[in-house]
Amino acid sequence: MIRTRFAPSPTGFLHIGGARTALFAWAYARRHGGRFILRIEDTDIERSTPEAVQAIFDGMTWLGLEHDEGPFFQMQRMERYKAVIKEMLAAGTAYPCYMSPAELEALREGQRARGEKPRYDGRWRPEADKPECPPDIKPVIRFKNPQDGVVVWNDLVKGKIEIANSELDDLVIARADGTPTYNFCVVVDDWDMGITHVIRGDDHVNNTPRQINILRALGAAVPEYAHLSMILGDDGTKLSKRHGAVSVMQFDADGFLPEAVINYLARLGWSHGDDEIFTLEQFIAWFDLTSVIPSAAQFNTEKLLWLNQHYMKKMGASALAPKIAERLRFQNINPESGPDLEAAISLYVERCHTLNALRDALLPFYSEVTPDAALLAQYLSDAARPALSEFAAALETVEWSAAAIGATLKDILKRHGLKMPQLAMPLRVILLGAAETPSVDAVIALLGRERVLTRLASMTG
Ligand code: GLU
């Protein structure tokens, strides 16, 4: 059975790159009827606060990426790692190294001075002609890496990767205080959790040959590896906070729907023909690691916005209404204090790409607008003033529908010899404080007679 895992180190938030890794690992397990495991790599106790761990859970929940097993926490597995180290010492696949930090530094300095790559020289390997055991040094434990041959794996994304063992030195697997090191914990976890496919960021390619060697020494099956390329920002540089939202929950706060973010992430480095929009079911059915591109994927905010609008429209006004209501309330605006929210959403959804943009566009319907005299002066000509007053008067009695309001407006324009924008533009500015709105008769109808008349009276005197 296929078993994949997502193994984030909590940093305070679920990064969009991590979310893509999680999505691919999740989809691969789902596609093959396998299991998806969540493992929290929380050995960095400074960063792995309960809040940082919760942020991972929140991001996963928001995206809808449910795990089948876990969450497992590395900090709760320390005894297990120590037991494996003991076994390795007994089996001779690991050994204590009594080299002091000062000696190690001196060794490295010498190597650097000779233009060599700094690496441990194996002086405490069991077969070596070992130095005298210093009495007051607590040893680290090193893995006895094979010295000959190559480590080869067929990366499901990157293809064949080959590293000579001569490139690898004997990795420290336990520090002098006995705590196991990062690569070692990952290996024991992947082994214990029966992981068949390690899907992770390609910043871990360099760890892979070491991990494979340790797995082999343990007699464990070596999983398949798929290393996903990194994600670049819109400008082609490594995605970072500088590019705006990189945290999954920030996308929520910014008014993106999880459906859109998932669909968007799925296309970051993976494609299925020309399909841009697909359901989660389709994605699961189509997803394959071999069609993931090995080169870096570039973030495209325009595309995400476009997808988000697609999912907003698909969701429809009635499902969007509670989300917009919540966002209005969050700004201390009562969504009951204006027109029917669903009607307002229907009128504006075509123009907005996020829930926040939609909320902002609807603010003038649920709260007061601040008159912008300068903007009004730009659009309201002296020639149009009498027509505007006439229209205001007509609105007191006209049947309150977009059609009737529109007919009245056209009639007045015709009698005054004016063109539509000469009245429509100042009306928009007076009623909504903005020059760009949907059709003016529709927004007047939506705003309601009372608000329309009050706003017209306050600006036209
Ligand atoms: N904890 C690692 C990270 O967050 C992932 C390790 C792995 O997937 O093997 O980058």
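The preceding data block contains the structure.
These notes cover the structure that comes with them. Every residue gets a number counted from 1 within its own chain, in the order that chain's sequence is written. Under the rules for a predicted model, residues below a pLDDT of 70 receive no local features and side-chain atom pairs below 80 are neither given nor counted, while totals for whole chains, interfaces and linings still include all residues. Think of the side-chain values as coming from all heavy atoms in the structure, minus any hydrogens and water.

Let us look at the overall build of the chain. Broken down by element type, the chain carries 19 helices and 12 strands. Whereas a compact globule of 461 residues would reach a radius of gyration of roughly 23 Å, the chain reaches 32 Å, over 25% beyond that. Reported as C-alpha extents along the three principal axes, the dimensions of the chain are approximately 105 × 45 × 35 Å. Residue-level accessible areas treat just the shown protein chains as cover; the underlying method is Shrake-Rupley with a 1.4 Å probe. Accessible surface computed for the chain: about 21500 Å², of which carbon and sulfur atoms make up 52%. Numbering of helices and strands runs from the N terminus, with a helix taken as a DSSP run of H or I at least four residues long and a strand as a DSSP run of E at least two residues long. Just to be clear, the radius of gyration here is over C-alpha atoms, and the globule rule we use is 2.2 Å times residues to the power 0.38.

For sheets, the rule is that strands pair by backbone hydrogen bonds, running either parallel or antiparallel. A sheet is described by the order of its strands in space; here 3 strands give the open sequence β4-β5-β8, paired in antiparallel fashion. In the strand order of this sheet, the two ends are held by β4 (94-97) and β8 (172-174), each with one partner. Put simply, the sheet's adjacent strands are angled 45° from each other on average, direction ignored. By the convention used here, strands pair only if DSSP detects at least 2 bridges between them. Inspection of the sheet shows β4 paired to strand β5 (residues 140-143) by 4 bridges, in the antiparallel sense. By the bridge assignment for β5, Cys-97 is matched with Val-140. Orientation is described by lines fitted to C-alpha atoms, with helices fitted over the stretch in contact, and by angles between N-to-C directions that extend from 0 to 180 degrees.

Turning our eyes to something else, we now look at helix α11 (residues 317-330). Compared with the 20 Å implied by 1.5 Å per residue over 14 residues, the 19 Å span of α11 between its first and last C-alpha is a close match. Buried means the residue's accessible area, taken with a 1.4 Å probe over protein chains only, is under 20% of the maximum for its type, while exposed means over 50%, and partly exposed covers the values in between. Three or more residues of α11 are buried, namely Ala-317, Leu-320, Ala-321, Ile-324, Ala-325, Arg-327 and Leu-328. Residues of α11 that are buried sit in contact with α7 (248-253), α10 (301-315), α12 (341-348) and α13 (355-366). Phi turns positive, to about 60°, at Asn-332, one or two residues after α11. Expected span of a helix: the number of residues minus one, times 1.5 Å. In what follows, a contact means two residues having at least one pair of non-hydrogen atoms within 4.5 Å.

What follows concerns the nonpolar core. Proteins that are soluble and globular tend to have nonpolar side chains buried together. Here, nonpolar core means buried Ala, Val, Leu, Ile, Met, Phe, Trp, Tyr and Cys residues that are tied together by side-chain atoms lying within 4.5 Å of each other. Core analysis: the largest hydrophobic core is formed by 105 residues, its most contacted members being Ile-345 and Leu-362. Among the elements that make up this core, the one with the highest residue count is helix α1 (residues 16-31) (10 residues). With residues up to four places along the chain from it excluded, the contact list for Ile-345 reads Ala-317, Leu-320, Ala-321, Ile-324, Leu-358 and Leu-362. Ranked by size, the runner-up nonpolar core spans 30 residues in total, among them Val-187, Val-188, Ile-195 and Val-198.

Pairing of aromatic rings covers Phe, Tyr and Trp, the last through its six-membered ring, and needs centres within 6.5 Å; plane angles under 30 degrees mean stacked, over 60 mean edge-to-face, and all others mean tilted. Counted by the stated rule, this structure contains 15 aromatic pairs. A ring pair is formed by Phe-57 and Phe-73, whose centres lie 6.4 Å apart and whose planes are at 85°; its orientation type is edge-to-face. Of this pair, Phe-57 sits in helix α2 (residues 50-63) while Phe-73 sits in strand β3 (residues 69-73), and the two are 16 residues apart along the sequence. Its guanidinium or amino end placed over the ring of Tyr-120, Arg-142 lies 3.5 Å from that ring's centre, counting from NZ or CZ. Only Lys NZ and Arg CZ are tested; either one counts as a charge over a ring when it is within 6 Å of the ring centre and within 35 degrees of the ring normal.

Before going further, it helps to examine the site of the ligand. Surrounding the ligand, one finds Arg-5, Ala-7, Pro-8, Ser-9, Glu-41, Tyr-182, Val-186, Arg-200 and His-204. Nitrogen and oxygen atoms within 3.5 Å of one another constitute a polar contact, given that in protein one can donate a hydrogen and the other can accept it, and given that sequence-neighbouring residues count only through two side-chain atoms. The separation between a nitrogen atom of the ligand and a polar side-chain atom of Ser-9 is 2.8 Å. Here the ligand, which alone exposes 300 Å², has 81% of that area covered by the protein. Residues belonging to the shell around the ligand are distributed by class as follows: 4 nonpolar, 2 polar and 3 charged. A cutoff of 4 Å decides nearness: a residue is near a molecule or strand if any of its heavy atoms lies inside that distance of it. Residues are grouped as follows: Ala, Val, Leu, Ile, Met, Phe, Trp, Tyr, Cys and Pro are nonpolar; Asp, Glu, Lys and Arg are charged; all remaining types, including Gly, are polar.

Looking now at the pairing of strand β9 (residues 197-201). Counting buried positions along β9 gives 5 out of 5 residues, so the element sits mostly inside the fold. Summarising the sheet, β9 and strand β10 (residues 224-228) pair through 5 bridges and their orientation is parallel. Residue pairing across strands places Val-198 opposite Tyr-225, the latter belonging to β10. Regarding the hand of the β-α-β motif, the stretch spanning β9, helix α6 (residues 208-218) and β10 is right-handed. Think of it like this: strands point away, you trace from the first strand over the helix to the second, and a clockwise trace means the crossover is right-handed.

Topologically, Ser-247 is positioned in the loop between β11 (231-232) and α7. Classification of Ser-247 by relative accessible area gives buried; the value is 14%. Not counting residues up to four positions away in its chain, the partners in contact with Ser-247 are Phe-13 and Leu-14.

This part is about the pattern of salt bridges. One speaks of a salt bridge when a side-chain nitrogen belonging to Lys or Arg is within 4 Å of a carboxyl oxygen belonging to Asp or Glu. Taken as a whole and assessed by the stated rule, the structure comprises 29 salt bridges. Arg-35 serves as the salt-bridge partner of Glu-69, at 3.0 Å between the closest nitrogen and oxygen. Of this pair, Glu-69 sits in strand β3 while Arg-35 sits in strand β2 (residues 35-40), and the two are 34 residues apart along the sequence. Since its relative accessible area comes to 30%, Arg-35 is described here as partly exposed. Of the charged contacts in the structure, one is a salt bridge between Glu-103 and Arg-123, with a shortest N-O distance of 3.8 Å. Of this pair, Glu-103 sits in helix α4 (residues 101-113) while Arg-123 sits in the loop between α4 and β5, placing them 20 residues apart in sequence. Within the structure, one salt-bridge network assembled from shared partners comprises Arg-5, Arg-39, Glu-41, Arg-77, Arg-80, Asp-189, Asp-190 and Asp-192.

Locating Ala-383 in the fold gives a position in the loop between α14 (373-379) and α15 (385-394). By relative accessible area, Ala-383 is classed as exposed at 52%. Sequence separation between Ala-383 and Gln-422 is 39 residues; the distance between their C-alpha atoms is 8.8 Å.

A word on the environment of Leu-409. Within the secondary structure, Leu-409 sits in helix α16 (residues 402-416). A residue is classified by how much of its surface remains accessible, and Leu-409, at 1% relative accessible area, is buried. Non-local contacts of Leu-409, meaning those with residues more than four positions away in its chain, are made with Phe-391, Met-420, Leu-423, Leu-427 and Val-440.

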